[in-house]
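# Results of the structural survey
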Amino acid sequence: MMRCVLGILVLTGTSLLLGTPARGASEIVIAIRYLQAEGTSHSHLYLFREDGNLLRQLTNDNSGQDSAPIFAPDGGTIVFTREKSNNARELWSIDPLGKALKKLEAAPDWYVSVKSSPYFTNIEPEESASSNSSASPEESASPSATPIPTYKSPDGSVELILREDPNSEDDQIDGPGHGKHYLLRDLKNGTETEFEKIPGFYGVFGLLHESQDKDQHFLFDGSLRLAFFDLQLNSTDGDTVFALDFTGPRLVRLSPNWAAPIPLPGEAAFLTFTENRYVPIPGSKKTVNCSYMEHWDERLNKIRYAHEKSVALCYGASMYRPDKNPSVITMRRGAD
């Protein structure tokens, strides 16, 4: 089953304007709607330090749902959308200290011109799909026309060989157990390891690729050395995503359901937009599908940017990294 992540966006900017608060560590602003058993819950903006510490709640207006927060390129302002009950949308700005809240007449140029940034996905680009459809029936029907997919890491250290056994029932479907005959080949010493022997194996199917470059299948940054695989669980739980950590090697499941890995260039870390299905709401018999922003370091330790054990929806997020390029990385719901 194909999945498409919500729009992931990136802005650049490296200099701080005079008067901008001096903040050395990266910070992330997230629009979070904490769901409750009764009454109407509202999405507000929360500012976290990259290490997961909540710095402050930035907004608390209950007249609408705050969403799509984006840091300005200098990090001194956050612009966001407030969606009213009558479907009206207002634009507001606030600073990272929770001050200077102001309604805007129009969106700043930088807010409007934001472009999609890379994330890992299983959705093929349209041009790839159209080119595949041009293959002749004879080529499509011939087993010899489809070689075993192989992928070499950018540093030339390892290679993935996605072979399947036609006699294996597990290899005939996208589901648990699939991919046990995939090979991890160490190109330096020549050793090969079947995936079913890698710690954490439950099943893998498709190798995810970067959204803007279908030929980019690895996330190598500093000590971070990863590839990502999807797997269909069942009709209720949908798909999930595993990270193959080459330093182990080991396979680590990123979520009970879907998770979209978002690179943080220049850091041995990445974010995920993570989905959790059928989470029970405390004090009721209801369950809801939740979404969160999470941070993973080079050891695949996870931080969730939300209250502990919360039932919540993420309505967009933006990270300001004053000493990195790009300096702002943003995820906005529903954007292209």
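This is a predicted model, so every value here is computed, not measured.

### Details of the overall build of the protein chain
Looking only at helices and strands, one finds three helices and 25 strands in the protein chain. By residue count, 50% of the 336 residues in the protein chain fall in the buried class. Once local pairs closer than 6 in sequence are excluded, the contacts in the protein chain between residues at least 24 apart make up 52%. A total of about 16,200 Å² of accessible surface is found on the protein chain, and carbon and sulfur atoms cover 48% of it.

### Some words on the sheet that holds strand β14 (residues 192–194)
With antiparallel pairing, the four strands of this open sheet are ordered in space as β11-β12-β13-β14. A single partner strand is all that each edge strand has here, and the edge strands are β11 (150–152) and β14. Averaged over all pairs of adjacent strands, the angle between strand axes in this sheet comes to 20°, irrespective of strand direction. Direction of pairing for strand β13 (residues 183–186) relative to β14: antiparallel, over a ladder of three bridges. The residue of β14 that forms the bridge with L183 is E194.

### Quick look at the pairing of strand β3 (residues 43–49)
Among the seven residues in β3, six count as buried, and that is most of the element. In this sheet, β3 lies alongside strand β2 (residues 27–34) in antiparallel orientation, the contact comprising seven bridges. Residue pairing across strands places E27 opposite R49, the latter belonging to β3. Where β3 hands over to strand β4 (residues 54–57), the hairpin turn is made up of four residues, of which G52 adopts a positive phi near 100°.

### Points about the packing of aromatic side chains
Each aromatic ring pair is characterised by the separation of its centres together with the angle its planes make. Applying the stated criterion to the full structure yields 13 aromatic pairs. Here the aromatic rings of F120 and F228 are separated by 5.0 Å at their centres, their planes lie at 55°, and the arrangement is tilted. With a gap of 108 residues between them, F120 in strand β10 (residues 120–121) and F228 in strand β17 (residues 224–234) connect regions that are remote in the sequence. Taken together, the ring pairs connect F120, F228, F270 and W296 into an aromatic cluster. A cation sits over an aromatic face here: R82 above W92, 4.7 Å from the ring centre.

### Notes on the sheet that holds strand β8 (residues 102–104)
Within the open sheet, the four strands sit side by side as β5-β6-β7-β8. Their pairing is antiparallel. Both outer strands of the open sheet, β5 (64–71) and β8, are each paired with one neighbouring strand and no more. For this sheet, the mean inter-axis angle between neighbouring strands, taken without regard to orientation, is 30°.

### Details of the nonpolar core
Ranked by size, the top nonpolar core spans 41 residues in total, and within it I28, I30, L271, M293 and Y305 carry the most contacts. Mapped onto this core, the elements with two or more residues apiece are β2, β3, β6 (78–84), β7 (89–94), β21 (269–280), β22 (287–297), β24 (312–320) and β25 (328–331). Examining the composition of this core, we find that seven residues originate from one element, β24, more than from any other. Not counting residues up to four positions away in its chain, the partners in contact with L271 are I28, A260, P261, I262, L264, M293, E294, H295, Y305 and M319. Within the second largest apolar cluster, 18 residues are counted, among which are V158, I198, V204 and F242.

### Quick notes on the pairing of β2
Taken across its eight residues, β2 has eight buried, putting it largely inside the fold. Here β2 shows no split at all, with E27, V29, A31 and R33 on one side and I28, I30, I32 and Y34 on the other all buried. Where β2 and β24 come together, seven bridges link them in antiparallel fashion. Across the sheet, I32 pairs through a bridge with C314, a residue of β24.

What counts as what
Residues numbered from 1 in each chain as written. Predicted model: local features only at pLDDT ≥ 70, side-chain atom pairs only at ≥ 80, totals over all residues. Heavy atoms only, no water. Helix = DSSP H or I, 4+ residues; strand = E, 2+ residues; numbered from the N terminus. Buried < 20%, exposed > 50% of the residue type's maximum accessible area, 1.4 Å probe, protein only. Contact = heavy atoms within 4.5 Å. Areas by Shrake-Rupley, 256 points an atom, 1.4 Å probe, with all protein chains shown as cover. Pairing = 2+ DSSP bridges. Axes fitted to C-alpha atoms, helices over the stretch in contact; angles between N-to-C directions. Phe/Tyr/Trp six-rings, centres within 6.5 Å; stacked < 30°, edge-to-face > 60°. Lys NZ or Arg CZ within 6 Å of the ring centre and 35° of its normal. Core = buried A, V, L, I, M, F, W, Y, C linked by side-chain atoms within 4.5 Å.

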